[in-house]
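# Remarks on the overall topology
Each chain is listed here by its residues.
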Amino acid sequence: MPSVETVNLSKRYGSFTAVSDLNLKIEGAKCVGFLGPNGAGKTTTLKMLTDLIIPSSGEALINGVNVHAQKKKALASVSALIEAPEIYASLTPREALTMIAEIRGVPSEERKKQVEDAVAEVRMEEWIDKRVGKFSKGMKQRICVASALLGNPTIVFLDEPTMGLDPRGMSEVREIIKSLRGKDRLIFMSSHILSEVSDVCDEVAMINHGKLIVYDTLPNVTAKFSGVNNVVEVGLAHSIDSKIVTQTIAALPGVVSAEKVDDKNLKISFSGGLDVQERLLNDIVNLNIGVISYKAASSELEEAYLKLITATL
Ligand SMILES: Nc1ncnc2c1ncn2[C@@H]1O[C@H](COP(=O)(O)OP(=O)(O)OP(=O)(O)O)[C@@H](O)[C@H]1O
Ligand SMILES: [Mg+2]
């Protein structure tokens, strides 16, 4: 079973502590989201887990093996995409990835196929023999994601894998990550996109100021830390009379409060799950007030995140 563990892991830069006594044990084939605000220590942690930087104290272990003391052994089945490594501009994806496959120990007779498959998976087949120097940021990122697939790693570290991609690119990379969650593979990925984490990950680890705040399954984190009330935003084609909001809408079943954000937008807080949310939409549409949009104001994970991060500011 693949495992990633940090034991009292710390990184100090002078008097500043970037990662502070981090104890985290992730075990098994699963995808774990690594969340935290800018500067929380995510990249620093991932770098210590891949021996890109050395801990000030504590240990980073992969499958029980100390990453710094026994780098080769510890990282044999690991691939990582941290701060989108630059690919030599003069190389083509085929050349760059073949080199990486070789370094990862992919047998020479399998290299060609693995490289082509990985490039196809990120939909860059047409570009496989073009020089990387001409690629956009998103195209380079896709090639980097492809490189993380080489050598069939059992542990994959991804640092904001969809950063810099267009919406379609993001959803493609997300699908790739989902397909990576195959048997016996552990994925640990940092992200600022909470909907992405909800969509892709089984568990969440949150850090702030270098300290672990929570590590639990996604349902547990949202159940424990998000509120009981859910909020929807309603967009209207024309302005609405305040009375309808405060009297009629506020009195609909399940509604806790209703307010105007501006003339054409409402915020409605309700208690209950998707069934209530569905009925509420029906009720509001039936009021014939010109509803043109209806969406959840924030995800449960977002709510939990904001609560936890605010509590540790
Ligand atoms: N080489 C360095 N020297 C000094 N301070 C550093 C160094 N590298 C990182 N830091 C500091 O450590 C803290 C954690 O940085 P880190 O890059 O790990 O954050 P992060 O969680 O990845 O943030 P982001 O979400 O913005 O990527 C930051 O305050 C950063 O300024
Ligand atoms: Mg970072």
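Above this note sits the structure.
This is a predicted model, so every value here is computed, not measured.

Next up on the list: the layout of surface pockets. There is about 850 Å³ of room inside the largest pocket. For the lining of the largest pocket, the secondary-structure elements that each account for two or more residues are helix H2 (71-74), strand E6 (78-81), helix H3 (93-103) and helix H5 (137-149). For the lining of the largest pocket, the class distribution of residues is 15 nonpolar, three polar and four charged.

Throughout the structure, instances matching the rule amount to three aromatic pairs. Plain terms: the ring middles of Trp-127 and Phe-135 are 5.6 Å apart, the flat faces sit at 80 degrees to each other, and that makes the pair edge-to-face. Overall, the relative accessible area of 33% leaves Trp-127 in the partly exposed class. With a centroid separation of 6.3 Å and an interplanar angle of 70 degrees, the aromatic rings of Phe-157 and Phe-188 are classed as edge-to-face. Of this pair, Phe-157 sits in strand E7 (residues 155-159) while Phe-188 is found in strand E8 (residues 186-190), placing the two residues 31 residues apart along the sequence. In this structure, Phe-157 and Phe-188 share a single accessibility class: buried. Grouped by ring-pair contacts, the aromatic residues Phe-34, Phe-157 and Phe-188 constitute a single cluster. Stacked on the ring of Trp-127, the Lys or Arg Lys-130 has its end atom at 5.8 Å from the ring centre.

Now for the packing of H3 against helix H4 (residues 108-121). Closest axis-to-axis distance for the H3/H4 pair is 9 Å, and the angle between their directions is 125 degrees. Taken together, the axes of H3 and H4 are oblique relative to one another. When you trace H3 past H4, the crossing you get is right-handed. Side by side, H3 and H4 meet where Arg-94, Leu-97, Thr-98, Ala-101 and Glu-102 of the first sit next to Arg-111, Val-115, Glu-116 and Val-119 of the second. Residues that form the contact of H3 with H4 fall into these classes: four nonpolar, one polar and four charged.

So, how was this worked out
- Residues numbered from 1 in each chain as written.
- Chains lettered and ligands numbered in written order.
- Predicted model: local features only at pLDDT ≥ 70, side-chain atom pairs only at ≥ 80, totals over all residues.
- Heavy atoms only, no water.
- 1 Å grid on protein atoms, 1.4 Å probe; cavity = no way out; pocket = protein on both sides within 12 Å on 5 of 7 lines; lining within 4 Å.
- Points joined across faces, edges and corners; volume = space filled by probe spheres on them.
- Helix = DSSP H or I, 4+ residues; strand = E, 2+ residues; numbered from the N terminus.
- Nonpolar A, V, L, I, M, F, W, Y, C, P; charged D, E, K, R; others polar.
- Phe/Tyr/Trp six-rings, centres within 6.5 Å; stacked < 30°, edge-to-face > 60°.
- Buried < 20%, exposed > 50% of the residue type's maximum accessible area, 1.4 Å probe, protein only.
- Lys NZ or Arg CZ within 6 Å of the ring centre and 35° of its normal.
- Axes fitted to C-alpha atoms, helices over the stretch in contact; angles between N-to-C directions.
- Parallel < 35°, antiparallel > 145°, perpendicular 65-115°, else oblique.
- Left-handed = near helix turned anticlockwise from the far one by under 90°.
- Contact = heavy atoms within 4.5 Å.

Any functional reading would require information that these geometric values do not contain.
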